[in-house]
Amino acid sequence: MTNLPKIYAPQEIEGKWYQFWQKNDYFHAAATSEKQAYAIVIPPPNITGSLHIGHALDNTLQDCLIRWRRMQGYNTLWMPGTDHAGIMTELIMERKLADEGTSRIALGREKFVERMWQWKEETSDYITSQLQQLGCSCDWERERFTYDEGSCKAVNTAFVKLYNQGLIYRDTYMANWCPNCVTVLSNLEVEPIEVDGNFYHIRYPVKESDVVLEIATTRPETMLGDTAVAVHPDDERYQHVIGKTARLPLCDREIPIIADAYVDREFGTGALKVTPAHDPNDYEIGLRHELEQRTIFTQDGHINEAAPEKYVGLSRWNCRKQVVEDLENLDYLVKIVPHRHAVGHHDRCGTVVEPAISPQWFMNVRPLAQRAIEASQKGEVRFIPERETDRFYHWMEIIEPWPISRQRWWGHRLPIWYCNACDAVVAAMETPQQCKCGASDFRQDEDVLDTWFSSGLWPFSTMGWPEETEELKTFYPTSVLVSGWDILFFWVSRMIMLGLGCMDKVPFQTVYLHGLVADEKGQKMSKSKGNSIDPLETIDTYGTDAFRFALANASTPNPYVSLPESQIESGRRFANKIWNAARFILMNLEKHPIPAGVKVVKTEQEPLEITWIRSRLSHTIKTTTEALENFRFYEAAQTLYAFLWHEFCDWYLEFAKQRIAQEKPEALWVAADVLEQTMRLLHPLMPFLTEEIWQQLLLNGTGTTSQADTSVTIAAWPEPKDENSTAETTMATLMEVIESIRSIRGELNVPIGASVEVHIQSPNSEVRERLETYLAQYLPAFTRVAGITIAESLQKPPASAEAVIGELAIYIPLADVIDLDAEHARLSKRHQQATKDVVSAQKTLDNPNFVQRAPEKVVAQKKAQLQRLLIEQEKLARSLAMLTESGGENDD
RNA sequence: GGGCGGGUAGCUCAGGUGGCUAGAGCGACAGCCUUACAAGCUGUAGGUCACAGGUUCAAGUCCUGUCCCGCCUACCA
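The written sequence of each chain sets the order in which its residues are numbered from 1. Written order decides the labels, with chains lettered from A and ligands numbered from 1. Whole-chain, interface and lining totals are the exception, using all residues; otherwise, since this is a predicted model, local features are given only for residues with pLDDT of at least 70 and side-chain atom pairs are given and counted only at 80 or more. As a rule here, side-chain values cover all heavy atoms of the structure and leave hydrogens and water aside.

Focus: the overall build of chain A
Now for step 1: Note on conventions: DSSP H or I runs of at least 4 residues are helices, E runs of at least 2 residues are strands, and numbering of each starts at the N terminus. From N to C terminus, chain A includes 26 helices and 29 strands.
Now for step 2: Seen along its three principal axes, the alpha-carbon backbone of chain A occupies a region of about 115 × 65 × 55 Å.
Now for step 3: Burial here depends on accessible area, computed with a 1.4 Å probe over protein chains only, as a share of the maximum for the residue type. Under 20% is buried, over 50% is exposed, and the range in between is partly exposed. Counting across all 892 residues of chain A, residues that qualify as buried make up 56%.
Now for step 4: Surface accessibility in these figures is a Shrake-Rupley result with a 1.4 Å probe; residues are shielded only by whichever protein chains are displayed. As displayed, chain A has an accessible area near 39,400 Å², and 48% of this comes from carbon and sulfur atoms.

This is the structure we're talking about:
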């Protein structure tokens, strides 16, 4: 007896097979190959990270694609790697350091970076081992890191190239500043969050007049940096003060009153305080009117010497309190009105960002964005779902210069050098030897690059760029990029732009943007919200395959997908079901081994159930393949689930049991064959279980694939070649009959053990013939029968239950056990339903327009449907009448 | 303010270009330890497809409007 446990234990299977795959190098892609290339670069996870639900979904889908294409015979490359993740990683390290009682600043740049590398070495294996637990078939020999030597070279090359094209430049400009991280940020890194704030109405007296301007602001502390008051040029209320001077309270300064059309007369008091150094709009106004840019904050968000001494050194928030208190005391405060508004926060650390003026390096992404739009319009890159295309265009159209320098330490230092003698700026791969002024003393820019700059080069930096490698020739542009839609702007569009900028080609042909996993409340799952499913715990409890299946099954086209625990549970049951089906087949193969070299050949005499299951398998192969081609993972999952469980197990294996009992093992061998092919189909979704079963089947002589195949990972993807609609129709009739009988037995509570007599009446000789041929052999597998009678016409036996399928009637005499009331209720319900359907069909057909205008096929279908319904209705009516006569109650 | 997605069974969701009697999983109910699986098997119940109009022979599906929910986006101090 095959020694397989009754319950599938994933833990005992999974580790073993991953090692086997790696040992045999199945995941390694050849740099050159006759085969067509298929490549995906992984969205590199943060080195410090642990696998969260988003990774699990993202990587499961990628692995599905890669495994599927590998089986289809492509030279598949799944490029793995990790991301140094800039500020994010630094912040985590800083928390660690704080726990140790030290800090980044205390350590100093050199020590800090050293410490980061050390930590990277310690943790980076962790995330990759988790990906392996998930079954990811990455080419680990090629594993990369966004801050490794190759990436550094790519980053410097790209930077210098874009600099020389004039796309990278330095500018002093207002940008978002994080006082906590002490660095500039791009707009994307700023998350606007609605907060409850106030409008502070403040009096600004006009010099040499009794006029007092009332000005509303949400940020009173910035008044210390005010350098003007602005009103609308056409505002009648303020004509007389334009050109005059206002006295800035608390500061003992005088500021001009200017007219600028930006001011909204309707809003607030119609008078605006202008702080060019601390507000983007005021900055613009300041430029137009050549106002002083008075910066009053230090880099870490405290008040500097530009403000009155009293406030120097206060934090932004304490300063606000102090300013309000002082205004109040000096009677400059009119009122405070509660006001809810959006305030920008740094998405990584949550600090309120400060618009600030600083010299930074920018990338002019406009020209590249334009090319990206054109590439998309030409179809060089395609977005799935399609709606993402519009989001992409919109972003590319409104895109602004990208500030790429960061005042941080963990990352690629800008390849920019300044001559210590003449301050000349040089962009170069390495420290320049000599300046044009003759000096040879240079210092490198202190800043590092935005982490997205290096990850933007990922699709080609991982392939060896800037060298002209075989990998680039073979795999670039890659086939698909798989990612959540939430990083379309951060990462995907940057890759497209930088791909065009550096390679002159888009980095991937297709972008598949899957949904984000949400909890029951529709909230995106994230660790910080505490509503997250832990993939590793889930894998422990349910097994990787169950989890992966659930993820694929949840992966509908919606922007948010939900993954209730019950769905994972369902995956586990499915795995167990497959396991047991395999167990049944393997156990029986021991008694009826497949003779060497025997193939179950198709013949005229082939039993119906074999033709049928092969046809259904072909159908399943076709549907699954199409689903994967269109990134409809949920459809692939559902198709396989339905086939395996409800067709193969529920029906075919039951037929097979009969055949085995009749000493006709072909049915078993076919079962093994169908299971083997189904394991191949299911492999991309459930790699471990399918490998285990596939290997077991191989040991038992089921080798329909070529002898060279030693693993399902490289077995050929099945081909649909056995579709047979005749067999499907015949089987459908049989199934209907069997289901009707089971339904009668169930509803009338006929004991399982009781055998029943079945009488079938059908005027259709073809149907009768089919039933005569097959019913006797199949029916006993599904229900206990004492005898079967099939006739063109026959009297309904007394005290019998009845089912009607079109013109076919089934009678089951139940003399002793029949409950006439129950039978009456049953038939009555069906009669009502039939009547309803008749009315509806009749109505459609009575409409002359329908008959005239609808396609012939549809009309014919409708007519046939009505015909069938009418017959059913009539039969049911007659039987009901008979029942009533013979004493059944009609209390409907 | 603008845009996008959604509202289908108690719950989570499918329903490519309009056309079988609107489906699945989970849950519910009833009955079964039937020799692969009780993590199973069999049967049953459960839906005005958010609402109101419209187009059409035909609408869950297309159009218009309304109401909810979610998200993205915008400089209203």
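Some thoughts on the pairing of strand S26 (residues 756-761)
In summary, the side chains of a regular strand alternate between the two faces of the sheet.
Now for step 1: The element S26 is extensively covered by neighbouring structure, given that five of its six residues are classed as buried.
Now for step 2: Pairing between strands is defined by DSSP: at least two bridges between the two strands are required. For S26 and strand S27 (residues 785-791), the ladder comprises six bridges, and the chain directions are parallel. Residue pairing across strands places Gln 761 opposite Ala 791, the latter belonging to S27.
Now for step 3: Since S26 and S27 lie parallel, the crossover through helix H23 (residues 765-778) that links them has a hand, and here it is right-handed.
Now for step 4: As judged from the three bridges shared by S26 and strand S29 (residues 808-813), these two strands associate in the antiparallel manner. In the sheet register, Ile 760 faces S29, and the bridge partner there is Ile 810. We call a crossover right-handed when, viewed with both strands directed away from the observer, the connection leading from the first strand over the helix to the second proceeds clockwise.

Side note on the sheet that holds S26
Now for step 1: Overall, mixed pairing links the four strands, which are arranged S27-S26-S29-S28 in an open sheet. The sheet terminates laterally at S27 and strand S28 (800-805), the two strands that pair on one side only. On average, adjacent strands in this sheet sit at an angle of 15° to one another, irrespective of strand direction.
Now for step 2: Here, two residues are considered to be in contact whenever any of their heavy atoms come within 4.5 Å of each other. Note on definitions: angles span 0 to 180 degrees between N-to-C directions of axes, and those axes are lines fitted to C-alpha atoms, for helices only across the stretch in contact. Packing against the sheet, helix H22 (residues 725-747) makes contact with S26, S28 and S29, and its axis sits at approximately 145° to S28.

Description of the state of the cysteines
Now for step 1: The disulfide definition used here is simple: a pair of cysteine sulfur atoms within 2.5 Å. Scanning the model with the defined rule gives zero disulfides in all.
Now for step 2: Free cysteine Cys 251: the closest other cysteine sulfur is in Cys 319, separated by 9.3 Å.
Now for step 3: The exposure class of Cys 251 is buried, given its relative accessible area of 11%.
Now for step 4: We note that Cys 435 lacks a disulfide partner, and the nearest cysteine sulfur, in Cys 422, lies 3.5 Å from it.

So, the confidence of the model for chain A
Now for step 1: Counting all residues, the mean pLDDT for chain A is 90, and 95% of those residues have values of 70 or more.
Now for step 2: Here residues 888-892 scores under 50 on pLDDT; set against residues more than four positions off or in separate chains, the count is 11 contacts.
Now for step 3: Listed scores for the predicted complex are pTM 0.93 and ipTM 0.95. Known as pLDDT, the predictor's confidence for each residue is given on a scale from 0 to 100.

Some words on the side chain of Ser 454
Now for step 1: With respect to the helices and strands, Ser 454 occurs in helix H11 (residues 451-455).
Now for step 2: Two N or O atoms form a polar contact when they lie within 3.5 Å of each other; inside protein one atom must be a possible hydrogen donor and the other a possible acceptor, and for residues adjacent in sequence the pair counts only when both atoms belong to side chains. At a separation of 3.0 Å, a polar atom in the side chain of Ser 454 contacts the main-chain carbonyl oxygen of Thr 451.
Now for step 3: Excluding its chain neighbours within four sequence positions, the residues that come into contact with Ser 454 are His 84, Thr 146, Val 155 and His 412.

Let's talk about the protein's contact with RNA strand B
Now for step 1: Consider each residue's heavy atoms; a residue with any of them within 4 Å of a molecule or strand counts as near. Near RNA strand B you find 58 residues, and of these Asn 580, Arg 583, Arg 632, Arg 853 and Gln 865 are the closest.
Now for step 2: Take the atoms of RNA strand B that sit within 4 Å of the protein: sugar and phosphate atoms are 60% of them.
Now for step 3: Phe 267 places a polar main-chain atom, nitrogen or oxygen, 2.8 Å from a base nitrogen of RNA strand B.
Now for step 4: Within the side chain of Arg 583, a nitrogen or oxygen atom sits 2.4 Å from a sugar or linking oxygen of RNA strand B.
Now for step 5: Contributing elements (two or more residues each) for the surface near RNA strand B: strand S25 (560-562), helix H17 (565-591), helix H19 (633-661), H22, helix H24 (820-846), helix H25 (848-853) and helix H26 (856-885).
Now for step 6: With 11 residues, H17 is the largest single contributor of residues to the surface near RNA strand B.

Considering helix H14 (residues 488-503)
Now for step 1: In terms of burial, H14 is a largely internal element, 16 of the 16 residues being buried.
Now for step 2: Positive backbone phi, approximately 60°, marks Asp 504, located one or two places after H14.

A short note on the nonpolar core
Now for step 1: Ranked by size, the top nonpolar core spans 197 residues in total, and within it Phe 453, Ile 585, Phe 648 and Tyr 652 carry the most contacts.
Now for step 2: Per-element accounting of this core gives the leading share, 15 residues, to H19.
Now for step 3: If we ignore the near neighbours within four places in the chain, the residues touching Phe 453 are Val 155, Ala 158, Phe 159, Leu 162, Ile 168, Met 363, Trp 402, Ile 404 and Leu 498.
Now for step 4: Within the second largest apolar cluster, 29 residues are counted, among which are Leu 213, Leu 224, Tyr 311 and Val 324. We define the nonpolar core as a collection of buried residues of types Ala, Val, Leu, Ile, Met, Phe, Trp, Tyr and Cys that are connected through side-chain atoms lying within 4.5 Å of one another.

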